[in-house]
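Each chain, written out:
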Amino acid sequence: MDQWTRVRRTVPAVAVATLLALTPASCTSLGSVGGVRGAPGASGVRDPYFPRLGNGGYDVQRYALTLDYTPRRAADGDRPGRTGRADHGGPPGRLTGTAEITARATQDLSAFNLDLHGLDVTSATVEGAEAAVNRAGDELTLRPDTELTDGQTFTTVVRYSGNPATLVDADDSREGWLTTRDGAVALGQPSGSMTWFPGNNHPSDKASYDITITVPKGLKAVSNGELRSERTRGGRTTFAWHNGDPMASYLATVAIGTYETKTSRTPSGVPVYTAVDPTVARSSAKVLATVPEVMEWAAEKFGPYPFSSTGAIVERGNDSEYALETQTKPVFPGAPDQGLLVHELAHQWFGDSVTPKTWRDMWLNEGFATYAEWLWAEDVERIPVGASFRRAFAEKANWAFPPATPPSAAEISAEPVYGRGAMVIHKVREAVGDDKFYAIVRGWTAAHRHGNASTDDFTAYVEKESGKDLKGLWDTWLYGKSKPGGGGGEG
């Protein structure tokens with residue numbers, strides 16, 4: 001029986017954890033269909049923790065997303081549900097989208113996959129010709145009318161609609177499309193971006209983004225990068241955002257609500273855009289006023305700021321359960337404290353510009369961002385880094401597992417990735433000395449600017465630039481399963 005159709009075949013929604021464990025559907029027979037000689041692209045990149053995320057056979061260059069969203073009427077206040085969480089304004093509204101994806105084939109392709117959760121596909125074209133469409137869980141497989149050749153740049157257009165979903169991860173955190181009292185906010189770590197647009201949903205494939213969102217008049221729609229235009233017609237307002245620098249899909253965001261927005265610039269001229277829920281605008285004002293100062297401080301420590309703008313999105317406290325380093329505008333669940341602001345802005349260097357190759361490399365994001373908090377506390381609050389180190393060393397949770405090898409997907413954002421990850425960075429500083437340490441950090445962010453890097457890349461870089469064999473350090477602090485004796489040094 002032919003499994004291919006010209007529109008989406010409806011399938012039941014399945015929990016994301018189950019979908020990631022499914023055996024990939026075989027597409028090997030497609031190579032002979034209609035005289036096509038290429039092979040299908042892989043339906044996953046075999047990430048150590050999320051093997052079904054991402055896709056093979058192509059490299060995305062640009063996403064142009066045109067979205068229209070109408071929130072459902074907000075609930076009258078936050079009502080805890082069975083899980084104890086707030087209802088976040090009720091069920092999602094309706095999203096209609098068109099994704100224009102420009103990509104380069106990395107092999108001769110007879111078919112390729114996109115990651116998409118739950119939404120209904122109404123049409124798909126490749127190079128302007130209608131493509132055959134197949135759905136299997138979160139895998140949207142497209143068969144072009146004509147073979148794509150290795151090295152060819154091609155454009156895919158997918159039209160889709162529906163009620164975007166919220167996913168519950170292995171660690172019980174919520175991501176994807178989160179409904180808020182007055183709109184929605186999209187958070188994508190590690191897999192939630194596929195709830196609102198089809199794509200190559202893995203950090204290893206970065207692209208530029210143009211995101212245009214139309215919402216009812218009176219609401220604002222905020223996304224990554226710079227606001228190119230804002231236009232109101234017929235009771236609806238369209239916001240066009242441009243993010244020209246490479247970005248991983250998990251860092252893309254859309255936030256819709258009745259925000260208070262402000263613009264300014266850092267002393268070096270970087271544009272700053274903040275969007276704050278009115279209920280937390282007053283409590284956020286003081287810390288958000290330090291964004292320019294933090295950015296200048298971080299650039300001195302870590303090297304030139306890698307993007308063309310910066311800012312923040314601050315939701316009400318119950319609208320999201322955690323902060324996320326969405327590129328150029330991190331999202332905060334309520335007014336952040338100073339340490340959290342420093343942490344998420346440091347991620348713009350560590351995680352957003354220098355992005356992990358796989359989800360096993362998360363400690364490079366969180367270890368550096370946590371260490372940035374320690375550095376800020378020392379430079380501004382006069383709390384020595386050594387004191388922060390000793391506090392982290394004493395915390396039992398930081399020793400549950402080595403930061404470079406989380407036991408499962410449920411632990412990629414657990415305490416050792418943060419606290420022990422920061423201890424690894426400090427041990428490198430002790431081993432090489434301050435001058436060499438900061439030269440290494442600035443060199444690291446320059447060498448991998450807008451790219452991807454692994455733990456092995458980092459350890460090799462540190463040893464090359466320092467001229468030191470640090471195997472003992474890595475074995476003890478990065479990969480060691482037990483807590484070092486004697487307090488681990490003075491820190």
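The notes below deal with the structure included here. By convention here, each chain's residues receive numbers from 1 onward along its written sequence. This being a predicted model, a pLDDT of at least 70 is required before a residue's local features are given, and a value of 80 or more before pairs of side-chain atoms are given or counted; all residues contribute to the totals for chains, interfaces and linings. Note: side-chain values were computed over all heavy atoms of the structure, leaving out hydrogens and water.

## Things to note about the sheet that holds strand β3 (residues 94-105)
Piece 1. When DSSP finds two or more bridges between two strands, those strands count as paired. Numbered from the N terminus, helices here are DSSP runs of H or I no shorter than four residues, and strands are runs of E no shorter than two. Spatially, the eight strands line up as an open sheet ordered β6-β5-β9-β3-β2-β13-β16-β15, and their pairing is mixed. Strands with a single pairing partner mark the edges of an open sheet, and in this sheet they are β6 (129-130) and β15 (226-233).

## What to know about the sheet that holds strand β10 (residues 166-168)
Piece 1. Read from one edge of the open sheet, five strands run β10-β11-β12-β17-β14, paired in antiparallel fashion. Each edge of the open sheet is held by one strand with a lone partner, namely β10 and β14 (220-223). Averaged over neighbouring strand pairs, the angle between their axes works out to 20° when direction is ignored.
Piece 2. Both strand β11 (residues 174-179) and strand β12 (residues 184-187) contribute to a ladder of four bridges, which runs antiparallel. In the sheet register, W177 faces β12, and the bridge partner there is A186. Every angle, taken between N-to-C directions, lies between 0 and 180 degrees, and every axis is a line fitted to C-alpha atoms, over only the stretch in contact when it is a helix.

## Structural notes on helix α2 (residues 281-288)
Piece 1. Of all the residues in α2, the buried ones are A281, S284, V287 and L288. The arc that holds the buried residues of α2, viewed along the axis, is 125°, so those residues lie on one side. Facing away from the buried side of α2, by more than 90 degrees, are the exposed residues R282, S283 and K286.
Piece 2. Residues of α2 that are buried sit in contact with β18 (260-265), β19 (271-276), α3 (291-302), β20 (310-315) and α4 (338-346). Whether a residue is buried, partly exposed or exposed follows from its accessible area with a 1.4 Å probe, protein chains only, as a fraction of its type maximum: under 20%, in between, or over 50%, in that order. The arc in question is the one traced by the directions running from the helix axis out to the C-beta atoms. In what follows, a contact means two residues having at least one pair of non-hydrogen atoms within 4.5 Å.

## Looking at the pattern of salt bridges
Piece 1. We define a salt bridge as a side-chain nitrogen of Lys or Arg found within 4 Å of a carboxyl oxygen belonging to Asp or Glu. Taken as a whole and assessed by the stated rule, the structure comprises twelve salt bridges.
Piece 2. Notably, a salt bridge pairs R62 with E100, separated by 3.9 Å at the nearest N-O pair. Placement of R62 in strand β2 (residues 58-70) and of E100 in strand β3 is noted, with a sequence separation of 38 residues between them.
Piece 3. With a relative accessible area of 29%, R62 lands in the partly exposed category.
Piece 4. Ionic contacts of the salt-bridge type, sharing partners, join the residues R62, E100 and D210 into one network.

## A word on the nonpolar core
Piece 1. Residues W196 and F302 are the most contacted members of the largest nonpolar core, which totals 131 residues.
Piece 2. The greatest single-element share of this core, amounting to nine residues, is contributed by helix α5 (residues 362-381).
Piece 3. Those residues within four positions of F302 in sequence are excluded, and the remaining contacts are W297, A346, W349, F350, A372, L375, V441, R442 and T445. What makes a nonpolar core is a set of buried Ala, Val, Leu, Ile, Met, Phe, Trp, Tyr and Cys residues whose side-chain atoms join them at distances within 4.5 Å.

## Focus: α3
Two residues of an α-helix separated by three or four positions point the same way, owing to the 3.6 residues in each turn.
Piece 1. Here, expected helix span is obtained from the residue count minus one, scaled by 1.5 Å. Here α3 contains twelve residues, and its C-alpha end-to-end distance of 16 Å stays within 8% of the 16 Å for a straight helix at 1.5 Å per residue.
Piece 2. Along α3, the residues that are buried comprise V291, P292, V294, M295, W297, A298, K301 and F302.
Piece 3. Following α3 by one or two positions, G303 has its phi on the positive side, about 110°.

## A short note on the packing of helix α7 (residues 415-432) against helix α8 (residues 434-447)
Piece 1. Here α7 crosses α8 at 130°, and the two axes come no closer than 6 Å. What the angle tells us is that α7 and α8 run oblique. Between α7 and α8 lies a crossing whose hand is right-handed. Here α7 contributes I425, V428, R429 and V432 to the contact with α8, which in turn contributes D434, K436, F437, Y438 and I440.
Piece 2. Grouping the amino acids of the contact of α7 with α8 by side-chain chemistry returns six nonpolar, no polar and three charged. Angles are sorted into four bins: roughly parallel if under 35 degrees, roughly antiparallel if over 145, roughly perpendicular if 65 to 115, and oblique for all others. What makes a crossing left-handed is the near helix being turned counterclockwise from the far one by less than a right angle; a clockwise turn instead makes it right-handed. Charged means Asp, Glu, Lys or Arg here, nonpolar means Ala, Val, Leu, Ile, Met, Phe, Trp, Tyr, Cys or Pro, and polar covers whatever is left, Gly included.

## Points about the packing of aromatic side chains
Piece 1. Two rings from Phe, Tyr or Trp (for Trp, the six-membered ring) form a pair when their centres are within 6.5 Å of each other. A pair whose planes differ by under 30 degrees is stacked, one over 60 is edge-to-face, and the rest are tilted. Applying the stated criterion across every chain, the model contains 31 aromatic pairs.
Piece 2. Here Y63 and Y209 contribute two aromatic rings whose centre-to-centre distance is 4.7 Å and whose plane-to-plane angle is 25°, an arrangement assigned as stacked. Pair noted here: Y63 is in strand β2 and Y209 is in strand β13 (residues 207-216), with a separation of 146 residues, a long-range link. The residues Y63 and Y209 share a single accessibility class, namely buried.
Piece 3. Consider the rings of F368 and F458, whose centres lie 5.7 Å apart with planes at 90°: the pair is edge-to-face. Taken together, the residues span a long stretch of sequence, with F368 in helix α5 and F458 in helix α9 (residues 455-466) at a distance of 90 residues.

## Quick notes on the side chain of S353
Piece 1. With respect to the secondary-structure elements, S353 resides in the loop between α4 and β22 (354-356).
Piece 2. Once residues lying within four places of it in the same chain are set aside, the contact partners of S353 are K206, P306, F307, Q348, H448, R449, H450 and G451.

## Looking at unusual backbone geometry
Piece 1. A cis geometry characterises the amide bond from Q189 onward to P190, with omega recorded as 0°.
Piece 2. By secondary structure assignment, the location of P190 is in the loop between β12 and β13.
Piece 3. One non-glycine residue with positive phi stands out, namely H450, at about 65°.
Piece 4. Looking at the secondary structure, you find H450 in the loop between α8 and β23 (451-453).

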